[in-house]
Amino acid sequence: MIRPMLLALLLALPAARAGPGLEARVEAGVERGVAFLLSRYDKSDGWGNALGNGVYGGVGKAYPYDAGPTALVCFALLKAGVEPDHEVLRKAFSFLRVKHRTPAVAYELSVELLAVLERSGAARGPDFRLAALRGKRSDQRFKRPVGSPIATKHWTWIVDLAGKLIGFQASNGGWRYYPKDFHSGGRSDVSSTQFALLALTTASRAGYDVPREVFQRARDYLIGSQAKSGPEVPRAIHVPGGEADARDRARGFPYIADSDVLAYRRISGGMTAAGVASLLLIREELGSDPEVEQAILDGYAWLGRYFTVKVNPGYAPFLAGSYHYTYLYALERCGDLGRREVLGGRSWFAEGARLLLSRQREDGAFPDPTCMNPEDVLGTAFALLYLTRASRPVSGR
């Protein structure tokens with residue numbers, strides 16, 4: 001069931017860090033997780049609605065997501081090597097196209113855009129951001145670039161989703177749920193912003209001409225969201241040509257830095273990994289600048305100082321609304337987008353993989369009791385995105 005490209009990627013895991021036999025266990029775990037998700041598809045409502053226990057920290061209202069679980073599972077299954085023409089995926093994309101072609105919530109827009117891009121082969125096609133191909137991009141965002149492998153029917157859907165998602169960007173540069181500046185607790189949050197940027201940078205790579213100012217405003221929002229100070233610690237990652245004794249400030253990210261809700265201002269591993277991964281994507285679009293580079297290093301410093309895969313750092317174990325496996329997926333993006341196998345002297349992938357595999361149920365599910373319901377479907381989707389190292393193709397490797 002796993003495509004050859006994914007199998008090669010799993011076999012390429014560094015043996016010294018992954019440990020004997022871990023590659024085979026990961027492959028088997030992915031296969032079982034895929035089988036579980038395929039078995040749970042329902043023709044009437046896809047993989048169901050996301051409902052449940054509120055937002056980060058268990059504070060606030062839970063939002064009903066009608067399209068989100070189905071779009072997320074489609075994305076995860078494709079990343080796990082399920083063929084795009086698999087019967088279940090054909091039905092699932094038909095369900096999304098007919099009932100939820102352009103969802104009303106930023107999270108759903110983002111993951112649906114990612115799923116459609118992945119199904120179209122965009123992540124494996126040419127990178128139209130490269131100078132050699134940039135001239136083939138149209139000045140009009142809705143026109144498919146010359147040489148694109150994306151079918152017209154997919155391109156039209158991508159344009160609709162990306163255009164609506166761009167329109168959801170708040171005046172402060174981030175994203176939240178809806179296209180308005182007023183939301184309870186804050187205008188934007190780092191969580192919504194991470195998925196919007198992952199989707200829009202993937203669309204940009206595929207040739208959709210995202211305005212540069214969209215990324216510039218997002219950059220400024222993220223820089224402004226990071227903690228202003230933190231303890232000085234040894235550098236958490238190796239920087240070629242850097243000083244051997246270099247030190248950085250461990251500065252993390254909260255859910256909403258300027259919120260009037262105390263729980264939203266809490267710094268956590270999930271939001272810090274989301275912030276760092278988002279800045280790595282911004283750097284791919286805008287190029288490097290000293291402020292972004294230091295923000296990334298300081299974010300890695302926080303992750304290295306408080307590193308663990310057992311919980312989302314900053315939250316108690318199994319706390320409802322702490323989104324443990326969503327944190328692990330953000331950690332994967334930090335590692336793979338930043339080309340880092342080690343964070344703070346720890347092999348992040350091997351540790352996280354062992355934990356996930358130890359918690360896999362007999363039926364193949366990876367339930368995450370800290371996320372919204374259906375916790376077995378959503379948890380399995382995020383676990384597969386971690387175990388398959390889903391961000392490697394996005395980063396152009």
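Let us look at the structure shown here. (Residues numbered from 1 in each chain as written. Predicted model: local features only at pLDDT ≥ 70, side-chain atom pairs only at ≥ 80, totals over all residues. Heavy atoms only, no water.)

**Focus: the overall build of the protein**
Part 1 of the argument: Scanning the protein for helices and strands turns up 15 helices and 6 strands.
Part 2 of the argument: The proportion of buried residues among the 397 residues of the protein is 62%.
Part 3 of the argument: Within the protein, counting contacts between residues at least 6 apart in sequence, those at least 24 apart form 72% of the total.
Part 4 of the argument: Summed over its atoms, the accessible surface of the protein is roughly 15,000 Å², and 53% of this surface lies on carbon and sulfur atoms. (Helix = DSSP H or I, 4+ residues; strand = E, 2+ residues; numbered from the N terminus. Buried < 20%, exposed > 50% of the residue type's maximum accessible area, 1.4 Å probe, protein only. Contact = heavy atoms within 4.5 Å. Areas by Shrake-Rupley, 256 points an atom, 1.4 Å probe, with all protein chains shown as cover.)

**Here we look at the packing of aromatic side chains**
Part 1 of the argument: Throughout the structure, instances matching the rule amount to 12 aromatic pairs.
Part 2 of the argument: Measuring from centroid to centroid gives 5.9 Å for Trp 348 and Tyr 386, while their planes differ by 80 degrees, and the two rings are edge-to-face. You can see Trp 348 sitting in helix H14 (residues 348-358) and its partner Tyr 386 sitting in helix H15 (residues 375-387), a full 38 residues away along the chain.
Part 3 of the argument: Ring geometry for Phe 349 versus Tyr 386: centroids 5.5 Å apart, planes at 10 degrees, classification stacked. (Phe/Tyr/Trp six-rings, centres within 6.5 Å; stacked < 30°, edge-to-face > 60°.)

**Description of the environment of Asn 312**
Part 1 of the argument: Structurally, the position occupied by Asn 312 is in the loop between helix H12 (290-305) and helix H13 (324-337).
Part 2 of the argument: The sequence separation of Asn 312 and Ser 268 amounts to 44 residues, and the corresponding C-alpha distance is 6.8 Å.
Part 3 of the argument: Those residues in contact with Asn 312 that lie beyond four places of it in its chain are Ser 268, Gly 269, Gly 270, Ser 322, Tyr 323, His 324 and Tyr 327.
Part 4 of the argument: One polar contact links the side chain of Asn 312 to the main-chain carbonyl oxygen of Ser 322, over a distance of 2.8 Å. (Polar contact = N/O pair within 3.5 Å; in protein donor to acceptor, adjacent residues only side chain to side chain.)

**Some remarks on the pattern of salt bridges**
Part 1 of the argument: Here the structure, examined in full by the defined rule, presents 24 salt bridges.
Part 2 of the argument: Residue Glu 118 is joined to Lys 79 by a salt bridge in which the shortest nitrogen-to-oxygen separation is 3.2 Å. Of this pair, Glu 118 sits in helix H6 (residues 106-120) while Lys 79 sits in helix H4 (residues 68-79), and the two are 39 residues apart along the sequence. Here Glu 118 and Lys 79 have matching classes, each one buried.
Part 3 of the argument: For the salt bridge of Glu 232 with Arg 247, the shortest nitrogen-to-oxygen distance reads 2.9 Å. Within this pair, whereas Glu 232 is found in strand E1 (residues 232-234), its partner Arg 247 is found in strand E2 (residues 247-249), the two being separated by 15 residues in sequence.
Part 4 of the argument: Residue classification places Arg 247 among the partly exposed positions, given a relative accessible area of 44%.
Part 5 of the argument: When salt bridges that share partners are traced, they join Asp 127, Arg 129, Arg 205, Glu 284 and Glu 285 into one network. (Salt bridge = Lys/Arg side-chain N within 4 Å of Asp/Glu carboxyl O.)

**Notes on the packing of helix H8 (residues 152-167) against helix H9 (residues 190-205)**
Part 1 of the argument: At a minimum axis separation of 11 Å, H8 and H9 run at an interaxial angle of 140 degrees. The angle between H8 and H9 falls in the class oblique. As for how H8 packs across H9, the hand of that crossing is left-handed. Where H8 approaches H9, its residues Ala 162, Leu 165 and Ile 166 are matched on the opposing element by Ala 196, Ala 199 and Leu 200.
Part 2 of the argument: Here the residues of the contact of H8 with H9 sort into 6 nonpolar, no polar and no charged. (Axes fitted to C-alpha atoms, helices over the stretch in contact; angles between N-to-C directions. Parallel < 35°, antiparallel > 145°, perpendicular 65-115°, else oblique. Left-handed = near helix turned anticlockwise from the far one by under 90°. Nonpolar A, V, L, I, M, F, W, Y, C, P; charged D, E, K, R; others polar.)

Remember that the coordinates give geometry; whether it matters functionally is a separate question.
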